[in-house]
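Single-letter residue listing:
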Amino acid sequence: MSENPQHPHPGGAPESPSWTRAVKVLQDASPISIPEGASAMTIHVEWEPGDPGTPPHRHSGPAFGYVVKGAVRFELEGEPERIVEAGGTFWEPGGDVIHYQDGNALADARTEFVVTMMCAPGKPMLELVEAEELRQRAHLRAPRPAS
């Protein structure tokens, strides 16, 4: 991972002060758009083996996640489905983008992740997407993996 010039201290050289070496950048997302007056919430999610997770949904602001244990099946509108394993990160821009999947990719073990979500004032932190909208936007979803 390359160092972001706007955040030059993470991952300092061995001769650098200890506080610069204690930081490991896990994800650096840009550009992001945070709704004016946004609030933030950090949650810890635990999925049982094989749990499909939250139905298709969206957030009014960006969300940043870290997989603590297991593996998350992650899919955003327009991107192919992927598996994010423990130690990996994910983010979504929020707004109109549909988050199709966030379930446990493992059939035999629990999965846990932590996610911080920004929320526009007066909006719910998470909004489920109705079946009719999913049909109307089907052309925006990346091709599904062959089973």
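Residues numbered from 1 in each chain as written. Predicted model: local features only at pLDDT ≥ 70, side-chain atom pairs only at ≥ 80, totals over all residues. Heavy atoms only, no water.

Peer 1: Which parts of the structure should I look at to understand a nonpolar patch on the surface?
Peer 2: A surface patch of nonpolar side chains, amounting to about 230 Å² of accessible area, comprises Leu26, Tyr66 and Val68. Here Leu26 lies in the loop between α1 (18–21) and β1 (39–47). (Patch = residues over 30% accessible without salt bridge, like charges linked within 9 Å, V, L, I, M, F, W, Y side chains within 5 Å. Areas by Shrake-Rupley, 256 points an atom, 1.4 Å probe, with all protein chains shown as cover. Salt bridge = Lys/Arg side-chain N within 4 Å of Asp/Glu carboxyl O. Helix = DSSP H or I, 4+ residues; strand = E, 2+ residues; numbered from the N terminus.)

Peer 1: Can you walk me through the sheet that holds strand β8 (residues 111–119) in this structure?
Peer 2: Picture the strands of a sheet paired through backbone hydrogen bonds; they go either parallel or antiparallel. The strand order across the open sheet built from 4 strands is β1-β8-β3-β6, with neighbouring strands paired in antiparallel fashion. This sheet does not close on itself; its edge strands, each paired only once, are β1 and β6 (89–92). Pairs of neighbouring strands in the sheet enclose a mean axial angle of 20 degrees, with direction left out of account. Note: strand β3 (residues 63–69) against β6, 4 bridges, orientation antiparallel. Of the residues in β6, the one forming a bridge with Ala63 is Glu92. (Pairing = 2+ DSSP bridges. Axes fitted to C-alpha atoms, helices over the stretch in contact; angles between N-to-C directions.)

Peer 1: Whenever I open this one, the environment of Leu76 confuses me. Can you help?
Peer 2: Positionally, Leu76 belongs in strand β4 (residues 71–76). Given the relative accessible area of 3%, Leu76 is considered buried. (Buried < 20%, exposed > 50% of the residue type's maximum accessible area, 1.4 Å probe, protein only.)

Peer 1: Explain the side chain of His59 here, please?
Peer 2: The topology assignment puts His59 in the loop between β2 (57–58) and β3. With relative accessibility at 4%, the residue His59 sits in the buried group. In terms of polar contacts, His59 uses its side chain to reach the side chain of His57, at 3.4 Å. Here His59 is in contact with Glu92, Gly94, Gly95, Met117, Met125 and Leu126, once residues within four sequence places are set aside. (Polar contact = N/O pair within 3.5 Å; in protein donor to acceptor, adjacent residues only side chain to side chain. Contact = heavy atoms within 4.5 Å.)

Peer 1: I'm lost on unusual backbone geometry in this one. Help?
Peer 2: Residue Pro31 is reached from Ser30 by a cis peptide bond, and omega for that bond is -5 degrees. Mapping Pro31 onto the fold places it in the loop between α1 and β1.

Peer 1: Which parts of the structure should I look at to understand the pattern of salt bridges?
Peer 2: Where charged atoms from two side chains of opposite charge come close, those side chains can pair. All told, the structure shown has 10 salt bridges when counted by the stated rule. Its salt-bridge partner being Arg137, residue Asp96 comes within 2.8 Å of it at the nearest N-O pair. Here Asp96 is found in the loop between β6 and β7 (99–104), whereas its partner Arg137 is found in the segment after α2 (131–136), with 41 residues between them in sequence.

Peer 1: Help me understand the side chain of Thr54, please; the structure alone is not making it clear to me.
Peer 2: Mapping Thr54 onto the fold places it in the loop between β1 and β2. Setting aside residues no more than four positions away along its own chain, Thr54 makes contact with Trp47, Tyr100, Asp102, Leu126 and Leu128.

Peer 1: Teacher, can you tell me more about the packing of aromatic side chains here?
Peer 2: Under the counting rule described, the total for this entry stands at 3 aromatic pairs. Seen from their ring centres, Phe64 and Trp91 are 5.8 Å apart, and the 10 degrees between their planes marks the pair as stacked. Residue Phe64 is found in strand β3, and its partner Trp91 is found in strand β6; the two are separated by 27 residues along the sequence. Among the residues examined, Trp91 registers a relative accessible area of 24% and is labelled partly exposed. (Phe/Tyr/Trp six-rings, centres within 6.5 Å; stacked < 30°, edge-to-face > 60°.)

Peer 1: Looking at this model, I keep getting lost on the nonpolar core. Mind explaining?
Peer 2: For soluble globular proteins, the rule of thumb is that nonpolar side chains tend to be buried together. Val67, Phe74, Phe90, Phe113 and Val115 are the most contacted members of the largest nonpolar core, which totals 14 residues. At the level of elements, β1, β3, β4 and β8 are the ones that each hand at least two residues to this core. The leading source of residues in this core is β8, at 4 residues. Not counting the four nearest positions on each side in its chain, Val67 is found in contact with Val72, Val84, Glu85, Ala86, Gly87, Gly88, Phe90, Glu112 and Phe113. (Core = buried A, V, L, I, M, F, W, Y, C linked by side-chain atoms within 4.5 Å.)

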